[in-house]
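Each chain, letter by letter, is given below.
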Amino acid sequence: MTKFAQLFPGIKPVIAMVHLNPMPGTPLYDADAGIEGIYRAALQDLTALQDADVDAVMFGNENDRPYELQVDVATTAAMAFVIGRLRDQIKKPFGVNVLWDPDATIALAAATGASFVREIFTGTYASDMGPWTPNAGRAMRYARRLDRKDLVILNNVSAEFAHSLDGRPLADRARSAVFSSIPDAVLVSGAITGEAAKMQDLESVKKALPDVPVMANTGVKHATVKDVLAIADGCIVGSSLKVEGHTWNAVDPQRAKDFMAIVKATRI
């Protein structure tokens, strides 16, 4: 059994986002609320998502805009502190994502005991953050050095906020990424956070990788999740579960419950 199947046996998982408030030192950080404010907001979102019975949660620093390709160590440390305070409240499998730094993401997973990570591990991109060339070989070796060979790796092969400089079709890039970087699942994204991946992209990648989990990474909505899960092997959802469906709002408990009701109905 694969690591992905062991973590999510027999289901197409819904991984719901806990978008942490901006970290200390970032432009949008709320110094008045401080780290305690970050913790309280995260606990509120975590509670709402677990009450909705999502399959897993993922902690990410989506609001640390503008993003960096090598994050300040304070960001990783602050995220570890917040997740550490939440550990006794986490009842679902959880993952982490430090945008957009694979090494920091691996380090955070090792520090917090996360079961999985999401990142851009492969490819070459022109991006809002400048030239982007992640190093999967270094990141995978780092996970080994930190004794996390059990870590489930979710590799996003269609980077948000960026354009791939690789001229091959997405399906070919995905197939190559699986061969070269050995992820446990491949993610397909839209152009930015909250924007849906194209259905034809999901279909082409899944056709190229019939034996590898392929997940929709962005923009899955109440109205589309049934169609998405007819193709994909799971999804990651954030914005759709927020108040008014807005990325930077708090999780709306009822929207989260309604979303999972649709998912559970598709599983029958």
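All values derive from a computational prediction rather than experimental measurement.

Cut-off values and rules
- Residues numbered from 1 in each chain as written.
- Predicted model: local features only at pLDDT ≥ 70, side-chain atom pairs only at ≥ 80, totals over all residues.
- Heavy atoms only, no water.
- Helix = DSSP H or I, 4+ residues; strand = E, 2+ residues; numbered from the N terminus.
- Buried < 20%, exposed > 50% of the residue type's maximum accessible area, 1.4 Å probe, protein only.
- Contact = heavy atoms within 4.5 Å.
- Polar contact = N/O pair within 3.5 Å; in protein donor to acceptor, adjacent residues only side chain to side chain.
- Arc of directions from axis to C-beta.
- Axes fitted to C-alpha atoms, helices over the stretch in contact; angles between N-to-C directions.
- Parallel < 35°, antiparallel > 145°, perpendicular 65-115°, else oblique.
- Left-handed = near helix turned anticlockwise from the far one by under 90°.
- Nonpolar A, V, L, I, M, F, W, Y, C, P; charged D, E, K, R; others polar.

Observations regarding the environment of I236
Piece 1. When you line up the elements, I236 lands in strand β11 (residues 235-237).
Piece 2. Owing to a relative accessible area of 2%, I236 belongs among the buried residues under this scheme.
Piece 3. Measuring from C-alpha to C-alpha, the distance between I236 and T218 comes to 6.5 Å, with 18 residues separating the pair along the chain.
Piece 4. Excluding residues that lie within four positions of it along the chain, I236 makes contacts with I15, M17, M58, R118, L154, L187, M215, A216, N217, T218 and V220.

Overview of helix α4 (residues 102-112)
Piece 1. Most of α4 is tucked away: eight of the 11 residues are buried.
Piece 2. The inward-facing, buried residues of α4 contact α3 (73-86), β3 (94-97), β4 (116-119), α5 (136-145) and β7 (152-156).
Piece 3. The opening residue of α4, the one whose side-chain oxygen lies 3.2 Å from the backbone nitrogen of D103, is D101.
Piece 4. Just past α4, the residue G113 takes up positive phi, approximately 80°.

Thoughts on α5
Along an α-helix, a turn takes 3.6 residues, which lines up residues three or four apart on a common side.
Piece 1. Every buried residue of α5 is accounted for by A136, A139, M140 and A143. Buried residues of α5, seen end-on, are gathered within an arc of 95° and therefore sit on one face of the element. Among the exposed residues of α5, those pointing more than 90 degrees away from its buried face are R141, R144 and R145.
Piece 2. Considering only its buried residues, α5 is in contact with α4, β7 and α6 (170-181).
Piece 3. A side-chain oxygen of the first residue of α5 lies 3.2 Å from the backbone nitrogen of G137; this N-cap is N135.

Regarding the packing of helix α2 (residues 34-51) against α3
Piece 1. Contact geometry of α2 with α3 gives a least axis separation of 10 Å together with a crossing angle of 50°. Accordingly, the angle class assigned to the pair α2 and α3 is oblique. Helix-helix and strand crossings are classified by hand; for α2 and α3 the assignment is right-handed. Of the residues in α3, those touching α2 at I35, E36, I38, Y39, A42, L43 and L46 are A78, F81, V82, R85 and L86.
Piece 2. Across the contact of α2 with α3, the residue classes break down as 10 nonpolar, no polar and two charged.

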